[in-house]
Amino acid sequence: MKRPNINQNGIALMIVLWVLVLLMALATEFAFSMKMEVNTTRNYKEDTESYYLAKAGLNLAMAELFKTASFHSIHDEYGWITGNAAQAPATGNATEESVEEVQEYDIVNRTDIELENGTITYTIQDENGKIAINTASKDTLNKLLDYSGVKDKINRDTISDSILDWIDSNKNHRINGAEDDYYRTLRPPYYAKNGNIETLSELLKVRGVTEEIFYGSQEEDGEYKGIVQFLTVYNFTSVNPNTASEEVLKILYSAEQAEEILSNRAAKGYHSNSLSTFFRITSTGKVQGSRTEHTLETVLEKTGSGNNKNMITHYWNDNVLDL
(Lines give C-alpha, C1' and ligand atoms only; values in the text may rest on other atoms or scores of the structure.)
Protein backbone atom coordinates (compact mmCIF):
# COMPACT_ATOMS: atom_id res chain seq x y z
CA MET A 1 0.00 0.00 0.00
CA LYS A 2 1.46 3.39 -1.01
CA ARG A 3 1.65 6.33 1.47
CA PRO A 4 -0.04 9.57 0.38
CA ASN A 5 2.31 12.20 -0.95
CA ILE A 6 2.52 14.91 1.76
CA ASN A 7 4.00 18.34 0.97
CA GLN A 8 6.57 18.68 3.78
CA ASN A 9 7.71 22.08 2.47
CA GLY A 10 4.27 23.63 3.11
CA ILE A 11 4.18 22.48 6.72
CA ALA A 12 7.68 23.83 7.36
CA LEU A 13 6.70 27.21 5.88
CA MET A 14 3.66 27.44 8.19
CA ILE A 15 5.82 26.64 11.22
CA VAL A 16 8.35 29.28 10.23
CA LEU A 17 5.61 31.90 9.75
CA TRP A 18 4.08 31.15 13.16
CA VAL A 19 7.51 31.39 14.80
CA LEU A 20 8.04 34.76 13.09
CA VAL A 21 4.64 36.00 14.33
CA LEU A 22 5.50 34.88 17.86
CA LEU A 23 8.90 36.58 17.72
CA MET A 24 7.35 39.80 16.37
CA ALA A 25 4.82 39.79 19.21
CA LEU A 26 7.56 39.27 21.78
CA ALA A 27 9.67 42.01 20.19
CA THR A 28 6.71 44.43 20.15
CA GLU A 29 5.90 43.70 23.81
CA PHE A 30 9.57 44.14 24.76
CA ALA A 31 9.80 47.46 22.87
CA PHE A 32 6.58 48.70 24.52
CA SER A 33 7.83 47.68 27.97
CA MET A 34 11.15 49.42 27.38
CA LYS A 35 9.35 52.58 26.21
CA MET A 36 7.22 52.53 29.36
CA GLU A 37 10.31 52.06 31.51
CA VAL A 38 12.06 54.97 29.79
CA ASN A 39 9.01 57.24 30.20
CA THR A 40 8.59 56.24 33.85
CA THR A 41 12.26 56.91 34.57
CA ARG A 42 12.15 60.26 32.75
CA ASN A 43 8.97 61.31 34.58
CA TYR A 44 10.47 60.34 37.94
CA LYS A 45 13.66 62.27 37.13
CA GLU A 46 11.75 65.38 36.01
CA ASP A 47 9.37 65.22 38.99
CA THR A 48 12.36 65.00 41.34
CA GLU A 49 13.97 67.99 39.61
CA SER A 50 10.76 70.03 39.79
CA TYR A 51 10.32 69.06 43.47
CA TYR A 52 13.71 70.47 44.41
CA LEU A 53 13.08 73.55 42.28
CA ALA A 54 9.90 74.08 44.32
CA LYS A 55 11.90 73.66 47.55
CA ALA A 56 14.33 76.28 46.26
CA GLY A 57 11.34 78.61 45.86
CA LEU A 58 10.40 78.01 49.51
CA ASN A 59 13.91 78.98 50.55
CA LEU A 60 13.75 82.16 48.46
CA ALA A 61 10.50 83.06 50.21
CA MET A 62 12.00 82.33 53.63
CA ALA A 63 14.97 84.58 52.79
CA GLU A 64 12.49 87.40 52.18
CA LEU A 65 10.67 86.72 55.43
CA PHE A 66 13.85 86.53 57.52
CA LYS A 67 14.77 90.04 56.41
CA THR A 68 14.45 92.72 59.10
CA ALA A 69 11.37 94.69 58.10
CA SER A 70 9.53 97.85 59.08
CA PHE A 71 6.20 96.54 57.77
CA HIS A 72 4.57 93.72 55.78
CA SER A 73 1.98 94.60 53.18
CA ILE A 74 0.21 93.52 49.99
CA HIS A 75 0.75 95.90 47.08
CA ASP A 76 -1.89 96.12 44.34
CA GLU A 77 0.76 95.84 41.61
CA TYR A 78 3.76 94.08 43.17
CA GLY A 79 2.02 91.68 45.53
CA TRP A 80 3.80 90.91 48.82
CA ILE A 81 6.17 93.69 49.89
CA THR A 82 8.52 94.03 52.86
CA GLY A 83 9.31 97.47 54.24
CA ASN A 84 13.02 98.26 54.49
CA ALA A 85 14.24 99.24 57.95
CA ALA A 86 16.19 102.54 58.11
CA GLN A 87 19.95 101.92 57.77
CA ALA A 88 22.53 103.89 59.74
CA PRO A 89 26.20 104.30 58.70
CA ALA A 90 28.53 101.45 59.66
CA THR A 91 30.94 103.71 61.57
CA GLY A 92 30.55 106.79 63.75
CA ASN A 93 27.46 108.11 65.42
CA ALA A 94 24.30 108.29 63.33
CA THR A 95 22.99 111.79 62.80
CA GLU A 96 19.92 113.03 61.00
CA GLU A 97 22.06 114.00 58.00
CA SER A 98 24.11 110.79 57.99
CA VAL A 99 21.22 108.36 57.93
CA GLU A 100 21.18 106.95 54.43
CA GLU A 101 17.90 107.13 52.57
CA VAL A 102 16.65 103.74 51.44
CA GLN A 103 13.77 102.67 49.26
CA GLU A 104 10.67 102.00 51.35
CA TYR A 105 10.27 98.45 50.01
CA ASP A 106 11.89 96.10 47.53
CA ILE A 107 10.15 94.95 44.37
CA VAL A 108 10.81 91.22 44.05
CA ASN A 109 10.16 89.05 41.01
CA ARG A 110 8.63 85.72 42.10
CA THR A 111 7.49 84.47 38.70
CA ASP A 112 9.42 82.18 36.30
CA ILE A 113 12.76 82.58 38.05
CA GLU A 114 15.34 80.61 36.03
CA LEU A 115 17.47 78.11 37.91
CA GLU A 116 19.60 75.49 36.10
CA ASN A 117 17.27 73.81 33.59
CA GLY A 118 13.99 74.88 35.20
CA THR A 119 11.97 77.78 36.57
CA ILE A 120 10.51 78.69 39.98
CA THR A 121 7.31 80.56 40.75
CA TYR A 122 6.28 81.25 44.34
CA THR A 123 3.79 83.35 46.27
CA ILE A 124 3.63 84.64 49.84
CA GLN A 125 0.22 85.01 51.46
CA ASP A 126 -0.38 86.50 54.88
CA GLU A 127 -2.43 84.52 57.38
CA ASN A 128 -2.41 87.58 59.67
CA GLY A 129 -4.67 89.30 57.15
CA LYS A 130 -7.51 86.89 57.98
CA ILE A 131 -9.89 86.39 60.89
CA ALA A 132 -8.58 83.93 63.50
CA ILE A 133 -11.52 81.55 63.95
CA ASN A 134 -10.39 80.27 67.36
CA THR A 135 -10.36 83.74 68.95
CA ALA A 136 -13.12 85.49 66.98
CA SER A 137 -15.93 87.10 68.95
CA LYS A 138 -19.64 86.49 68.37
CA ASP A 139 -19.99 90.00 66.91
CA THR A 140 -17.16 89.36 64.41
CA LEU A 141 -18.63 86.00 63.39
CA ASN A 142 -22.07 87.55 62.89
CA LYS A 143 -20.63 90.33 60.72
CA LEU A 144 -18.74 87.75 58.64
CA LEU A 145 -21.86 85.62 58.22
CA ASP A 146 -23.93 88.68 57.31
CA TYR A 147 -21.40 89.70 54.64
CA SER A 148 -21.22 86.16 53.28
CA GLY A 149 -24.96 86.05 52.66
CA VAL A 150 -26.59 84.71 55.87
CA LYS A 151 -29.19 87.47 56.17
CA ASP A 152 -31.51 85.88 58.75
CA LYS A 153 -30.48 87.00 62.25
CA ILE A 154 -31.60 83.75 63.92
CA ASN A 155 -29.51 81.72 61.48
CA ARG A 156 -26.48 83.95 62.13
CA ASP A 157 -26.89 83.60 65.91
CA THR A 158 -27.31 79.83 65.59
CA ILE A 159 -24.10 79.46 63.58
CA SER A 160 -21.99 81.88 65.64
CA ASP A 161 -23.13 80.41 68.97
CA SER A 162 -22.55 76.88 67.66
CA ILE A 163 -19.03 77.77 66.52
CA LEU A 164 -18.22 79.19 69.94
CA ASP A 165 -19.72 76.08 71.61
CA TRP A 166 -17.63 73.86 69.32
CA ILE A 167 -14.45 75.62 70.45
CA ASP A 168 -15.06 76.14 74.18
CA SER A 169 -14.08 73.43 76.67
CA ASN A 170 -17.41 73.06 78.51
CA LYS A 171 -20.53 71.06 77.67
CA ASN A 172 -23.00 73.93 78.18
CA HIS A 173 -24.48 75.32 74.98
CA ARG A 174 -25.28 78.96 74.39
CA ILE A 175 -28.84 80.17 73.76
CA ASN A 176 -28.71 79.34 70.04
CA GLY A 177 -25.72 77.02 70.13
CA ALA A 178 -25.20 73.28 70.10
CA GLU A 179 -23.32 70.69 72.14
CA ASP A 180 -23.28 66.88 72.32
CA ASP A 181 -27.04 66.65 72.94
CA TYR A 182 -27.61 68.04 69.41
CA TYR A 183 -24.83 66.31 67.51
CA ARG A 184 -25.65 62.89 69.01
CA THR A 185 -29.09 63.03 67.33
CA LEU A 186 -27.55 63.31 63.85
CA ARG A 187 -26.85 60.41 61.49
CA PRO A 188 -24.08 59.52 61.85
CA PRO A 189 -23.83 60.89 65.41
CA TYR A 190 -20.69 62.56 66.73
CA TYR A 191 -19.51 64.71 69.63
CA ALA A 192 -18.72 68.43 69.76
CA LYS A 193 -14.97 68.95 69.68
CA ASN A 194 -14.75 71.33 72.68
CA GLY A 195 -11.34 72.46 71.54
CA ASN A 196 -9.60 74.68 69.01
CA ILE A 197 -10.43 74.20 65.34
CA GLU A 198 -7.39 72.66 63.63
CA THR A 199 -8.65 72.59 60.04
CA LEU A 200 -11.26 74.94 58.63
CA SER A 201 -13.20 72.01 57.14
CA GLU A 202 -14.24 71.17 60.75
CA LEU A 203 -16.73 74.02 60.43
CA LEU A 204 -18.82 71.82 58.13
CA LYS A 205 -19.63 69.71 61.21
CA VAL A 206 -20.90 72.74 63.15
CA ARG A 207 -24.65 73.24 63.41
CA GLY A 208 -26.00 75.49 60.66
CA VAL A 209 -22.86 75.58 58.49
CA THR A 210 -23.66 74.28 55.00
CA GLU A 211 -21.28 73.79 52.08
CA GLU A 212 -22.75 76.89 50.39
CA ILE A 213 -22.17 79.04 53.47
CA PHE A 214 -18.67 77.58 53.85
CA TYR A 215 -17.46 77.60 50.23
CA GLY A 216 -19.90 80.02 48.64
CA SER A 217 -22.51 79.49 45.96
CA GLN A 218 -21.37 77.78 42.78
CA GLU A 219 -23.09 80.42 40.67
CA GLU A 220 -21.09 83.61 40.20
CA ASP A 221 -24.00 85.76 41.42
CA GLY A 222 -25.20 83.19 43.97
CA GLU A 223 -26.65 83.89 47.39
CA TYR A 224 -23.53 83.09 49.42
CA LYS A 225 -19.96 84.43 49.05
CA GLY A 226 -18.36 81.83 51.36
CA ILE A 227 -16.54 82.29 54.65
CA VAL A 228 -13.52 79.98 54.31
CA GLN A 229 -11.49 82.51 52.31
CA PHE A 230 -11.59 85.00 55.20
CA LEU A 231 -10.65 82.64 58.05
CA THR A 232 -7.50 81.08 59.48
CA VAL A 233 -6.89 78.52 62.24
CA TYR A 234 -3.71 80.26 63.42
CA ASN A 235 -3.81 82.51 66.48
CA PHE A 236 -2.19 85.94 66.60
CA THR A 237 -2.66 89.10 68.63
CA SER A 238 -4.12 91.33 65.89
CA VAL A 239 -4.96 91.44 62.19
CA ASN A 240 -2.44 93.16 59.93
CA PRO A 241 -4.39 96.01 58.24
CA ASN A 242 -1.76 96.17 55.48
CA THR A 243 -2.59 92.66 54.24
CA ALA A 244 -6.26 92.19 55.17
CA SER A 245 -8.75 92.10 52.31
CA GLU A 246 -11.30 94.87 51.88
CA GLU A 247 -13.99 92.49 53.17
CA VAL A 248 -12.07 91.67 56.35
CA LEU A 249 -11.34 95.36 56.98
CA LYS A 250 -15.02 96.24 56.73
CA ILE A 251 -15.88 93.43 59.17
CA LEU A 252 -13.25 94.36 61.78
CA TYR A 253 -13.13 98.16 61.43
CA SER A 254 -15.60 100.98 61.09
CA ALA A 255 -16.41 102.17 57.57
CA GLU A 256 -14.27 105.31 58.07
CA GLN A 257 -11.26 103.35 59.36
CA ALA A 258 -11.50 100.80 56.56
CA GLU A 259 -11.65 103.56 53.95
CA GLU A 260 -8.61 105.29 55.46
CA ILE A 261 -6.60 102.03 55.45
CA LEU A 262 -7.50 101.27 51.83
CA SER A 263 -6.69 104.85 50.80
CA ASN A 264 -3.24 104.71 52.42
CA ARG A 265 -2.51 101.33 50.86
CA ALA A 266 -3.48 102.64 47.43
CA ALA A 267 -1.35 105.78 47.85
CA LYS A 268 1.89 104.38 49.29
CA GLY A 269 1.53 100.58 49.41
CA TYR A 270 0.89 100.24 53.16
CA HIS A 271 -1.09 101.79 56.00
CA SER A 272 0.98 101.29 59.15
CA ASN A 273 4.19 99.69 60.42
CA SER A 274 2.46 96.40 61.10
CA LEU A 275 4.36 93.11 60.93
CA SER A 276 2.97 89.64 60.38
CA THR A 277 4.02 86.32 61.91
CA PHE A 278 2.15 83.62 59.93
CA PHE A 279 2.83 83.14 56.24
CA ARG A 280 1.49 80.69 53.65
CA ILE A 281 4.02 79.97 50.91
CA THR A 282 3.15 78.18 47.67
CA SER A 283 6.02 77.29 45.35
CA THR A 284 5.98 75.60 41.95
CA GLY A 285 8.99 74.16 40.14
CA LYS A 286 8.87 73.51 36.39
CA VAL A 287 11.37 71.68 34.17
CA GLN A 288 12.15 73.42 30.88
CA GLY A 289 10.98 71.56 27.81
CA SER A 290 8.59 69.44 29.86
CA ARG A 291 5.04 69.65 31.17
CA THR A 292 6.22 68.29 34.52
CA GLU A 293 5.76 70.58 37.51
CA HIS A 294 5.61 70.13 41.28
CA THR A 295 3.92 72.42 43.79
CA LEU A 296 4.60 72.63 47.53
CA GLU A 297 2.64 74.58 50.14
CA THR A 298 3.58 75.39 53.72
CA VAL A 299 2.52 77.67 56.56
CA LEU A 300 5.38 79.14 58.59
CA GLU A 301 5.44 81.14 61.79
CA LYS A 302 8.22 83.66 62.30
CA THR A 303 9.39 83.88 65.91
CA GLY A 304 12.11 85.80 67.74
CA SER A 305 14.09 88.78 66.50
CA GLY A 306 17.63 89.73 65.58
CA ASN A 307 19.96 86.75 65.54
CA ASN A 308 17.33 84.59 67.27
CA LYS A 309 14.81 84.60 64.43
CA ASN A 310 13.29 81.21 63.62
CA MET A 311 10.69 79.70 61.32
CA ILE A 312 8.27 77.13 62.75
CA THR A 313 6.47 74.88 60.25
CA HIS A 314 2.76 74.51 61.09
CA TYR A 315 1.58 72.98 57.81
CA TRP A 316 3.31 71.15 54.97
CA ASN A 317 1.81 69.77 51.76
CA ASP A 318 4.46 67.93 49.78
CA ASN A 319 2.41 67.61 46.61
CA VAL A 320 -0.33 70.13 45.89
CA LEU A 321 -2.63 68.73 43.20
CA ASP A 322 -4.31 71.17 40.83
CA LEU A 323 -7.57 69.27 40.28
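About the criteria used
One numbering rule holds for all chains: residues counted from 1, following each sequence as written. The predicted nature of this model means local features are confined to residues of pLDDT at least 70 and side-chain atom pairs, given and counted, to a pLDDT of 80 or more, with totals for whole chains, interfaces and linings taken over all residues. Each side-chain value is worked out from all heavy atoms of the structure, with water and hydrogens disregarded. Where helices and strands are cited, they refer to DSSP runs of H or I of at least four residues and of E of at least two residues respectively, numbered from the N terminus. Multiply 1.5 Å by the residue count of a helix minus one, and that product is the helix's expected span. When accessible area is computed with a 1.4 Å probe and restricted to protein chains, residues below 20% of their type maximum are described as buried, those above 50% as exposed, and intermediate ones as partly exposed. The directions considered for the arc are those from the helix axis to the C-beta atoms. Only heavy atoms matter for contacts: two residues are in contact if any of them lie within 4.5 Å across the pair. Interaxial angle, 0 to 180 degrees, is taken between N-to-C directions of lines fitted to C-alpha atoms, where a helix line uses only the stretch in contact. In what follows, roughly perpendicular refers to angles from 65 to 115 degrees, roughly parallel to angles under 35, roughly antiparallel to angles over 145, and oblique to any angle outside these ranges. In this scheme the handedness of a crossing depends on how the near helix is turned from the far one: anticlockwise by less than a right angle means left-handed, clockwise means right-handed. Any two of the Phe, Tyr and Trp rings considered here, Trp counted by its six-membered ring, make a pair once their centres fall within 6.5 Å; the pair's planes then place it as stacked at under 30 degrees, edge-to-face at over 60, or tilted in between. Points on a 1 Å grid, built from protein atoms alone, make a cavity when a 1.4 Å probe fits but cannot get out and make a pocket when they are open with protein on both sides within 12 Å along at least 5 of 7 lines; residues with an atom within 4 Å of a point are the lining residues. Grid points are joined across faces, edges and corners, and a volume is the space filled by probe spheres set on the points. Charged means Asp, Glu, Lys or Arg here, nonpolar means Ala, Val, Leu, Ile, Met, Phe, Trp, Tyr, Cys or Pro, and polar covers whatever is left, Gly included.

Undergrad: Which residues make up helix α7 (residues 255–268), and what are the values?
TA: With 14 residues, α7 should reach 20 Å at 1.5 Å per residue; the first-to-last C-alpha distance of 20 Å fits that figure. Three or more residues of α7 are buried, namely Ala 258, Ile 261 and Arg 265. Seen from one end, α7 has its buried residues packed into an arc of 65°, which puts them on one side. Along α7, the residues that are exposed and aim more than 90 degrees away from the buried face are Ala 255, Glu 256, Glu 259, Ala 266 and Ala 267. Those residues of α7 hidden inside the fold are in contact with α6 (246–252). Count one or two residues on from α7 and you reach Gly 269, which has phi positive near 95°.

Undergrad: Which residues make up the packing of helix α2 (residues 138–148) against helix α3 (residues 153–167), and what values go with them?
TA: Between α2 and α3, the shortest axis-to-axis distance is 9 Å and the interhelical angle comes to 135°. It follows from the interaxial angle that α2 and α3 lie oblique. Here α2 runs over α3; the crossing is right-handed. On the side of α2, the interface is formed by Lys 138, Leu 141, Asn 142, Leu 145 and Asp 146, while α3 contributes Arg 156, Asp 157, Ile 159, Ser 160, Asp 161, Ile 163 and Leu 164.

Undergrad: Requested: an account of the packing of aromatic side chains, with residues and values cited.
TA: This model, assessed by the stated rule, comprises eleven aromatic pairs. Measuring from ring centre to ring centre gives 5.6 Å for Trp 80 and Phe 279, while their planes differ by 90°; the resulting arrangement is edge-to-face. Of the two residues, Trp 80 sits in strand β2 (residues 79–84) while Phe 279 sits in strand β7 (residues 278–287), which places them 199 residues apart along the sequence. Residue classification places Phe 279 among the buried positions, given a relative accessible area of 0%. Considering the side-chain rings of Tyr 183 and Tyr 190, the 5.3 Å spacing of their centres and the 25° angle between planes classify their relative orientation as stacked. With a relative accessible area of 0%, Tyr 183 lands in the buried category.

Undergrad: Which residues make up the layout of surface pockets, and what are the values?
TA: Size it by volume and the largest pocket reaches roughly 280 Å³. Around the largest pocket sit 16 residues that line it, and Glu 198, Thr 199, Leu 200, Val 233 and Arg 280 are the ones nearest its centre. Among the residues forming the lining of the largest pocket, the class breakdown is eight nonpolar, four polar and four charged. Estimated volume of the second largest pocket: approximately 210 Å³. Every residue along the wall of the second largest pocket is listed here: Ile 74, Ile 124, Gln 125, Asp 126, Gly 129, Lys 130, Gln 229, Phe 230, Thr 243, Ala 244, Ser 245 and Val 248. No other element matches strand β4 (residues 118–126), which puts three residues into the lining of the second largest pocket. Considered class by class, the residues forming the lining of the second largest pocket number five nonpolar, five polar and two charged.

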